[in-house]
Amino acid sequence: MPKQSVTTVTALTTLTLLALAGCGTETGRGSDGAAEAGSAVRTDLPLTDVRWSIESLSVDGKKTAAPAGASVEIDSKGKASARTGCNSIGAQVTIDGDTITVGEKSQTMMGCPKELEAFEKALGGAFGGKLKAKVDDKKLTLTTDGGDSIALTAEKPAPLVGTGWAVTSLVSDGTARSLPKDKKGESPKATLTFAKDGTVSGNLGCNGFSASAKVADSTITFGALKSTKRLCPEPGMSVERELMKVLEGQVTYEVHHRELTLKTADGEGLSAGAGAAAK
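What counts as what
Residues numbered from 1 in each chain as written. Predicted model: local features only at pLDDT ≥ 70, side-chain atom pairs only at ≥ 80, totals over all residues. Heavy atoms only, no water. Helix = DSSP H or I, 4+ residues; strand = E, 2+ residues; numbered from the N terminus. Buried < 20%, exposed > 50% of the residue type's maximum accessible area, 1.4 Å probe, protein only. Contact = heavy atoms within 4.5 Å. Areas by Shrake-Rupley, 256 points an atom, 1.4 Å probe, with all protein chains shown as cover. Polar contact = N/O pair within 3.5 Å; in protein donor to acceptor, adjacent residues only side chain to side chain.

Here we take up the overall build of the chain. Looking only at helices and strands, the chain has two helices and 22 strands in total. A buried classification covers 49% of the 279 residues belonging to the chain. For the chain, contacts bridging at least 24 residues in sequence account for 60% of all contacts bridging at least 6. When the accessible surface of the chain is split by element, carbon and sulfur atoms take 52% of a total near 13,200 Å².

And the structure:
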């Protein structure tokens with residue numbers, strides 16, 4: 001079978017809100033690496049136009065669970081991208097039967113929490129060279145020549161409205177960080193759900209809240225936020241104050257499959273997973 005060239009995908013940061021041209025992106029700005037005109041990528045395996053969520057990564061016999069938002073995509077226009085939950089890895093690849101060869105890679109350099117830095121370093125090592133691809137129903141396994149592997153699962157995209165979103169990280173000045181933990185090692189459970197009537201409600205990590213939320217194109221305009229008035233131990237109150245800065249006025253947003261990102265004009269932001277517990 002002749003080899004098929006797959007072009008480089010420009011690397012994306014979680015909160016630059018650049019939409020990948022594959023399935024599952026509800027809104028947002030266009031990718032800055034638009035696909036060139038031509039035939040769709042063709043392969044014997046059903047790999048393209050699927051958002052594969054990374055479930056786990058096995059390197060040197062050690063298995064590590066993937067953070068929320070980690071994924072791999074190869075779209076029908078010839079773009080390939082691996083998202084790490086913070087930064088993204090773009091690469092030139094070729095497909096020959098069940099073998100995917102990853103060539104030169106590029107990566108965004110957004111500051112990330114230490115646990116995400118460790119994961120994306122390991123993923124960057126595993127997502128390279130020749131990978132054997134095995135598809136079994138909705139499961140995909142990519143295995144290196146050295147025996148390291150990436151386990152992935154195909155998932156349906158989540159709509160903005162009606163999905164329960166759990167906040168997984170906060171962003172300030174271009175740096176993403178996980179929600180802080182208390183002395184028991186637990187993070188505040190911050191959530192938000194957009195309703196069909198143009199409102200949003202949830203929990204700020206301490207108090208419950210509600211507000212109007214007008215969605216238009218790639219923006220959401222929040223009205224005055226109403227909340228309960230409980231006093232909570234840290235870090236609940238700190239998380240609440242930061243979220244209130246994001247859920248105010250107009251923000252840009254993107255739903256990338258099962259990951260929601262919000263960003264204010266002054267660089268504050270958040271990431272949230274669909275139906276996932278905050279970590």
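Glycine aside, the phi torsion of most residues is negative, and most peptide linkages are trans. Cis geometry marks the peptide bond from E234 to P235, where omega comes out at 10°. The residue P235 is located in the loop between strand 19 (226-227) and helix 2 (236-246) in this model. The backbone phi angle of D60 is positive, close to 55°, even though this residue is not glycine. Secondary-structure assignment places D60 in the loop between strand 4 (51-59) and strand 5 (62-65).

Tracing the chain through its elements places A82 in strand 7 (residues 80-84). With 12 residues separating them along the chain, A82 and A70 place their C-alpha atoms 7.4 Å apart. Sequence-distant contacts of A82, that is, excluding residues within four places in its chain, are made with S71, V72, N87, S88, I89, L123 and F127.

Take K105: it is sitting in strand 9 (residues 99-107). Using a relative accessible area of 35% as the deciding quantity, one classes K105 as partly exposed. In sequence terms K105 and G90 are 15 residues apart; their C-alpha atoms lie 5.6 Å from each other. Not counting chain neighbours up to four residues away, the residues in contact with K105 comprise I89, G90, A91, G124, F127 and G128. Among the polar contacts made by the side chain of K105, one reaches the main-chain carbonyl oxygen of F127 at a distance of 3.0 Å.

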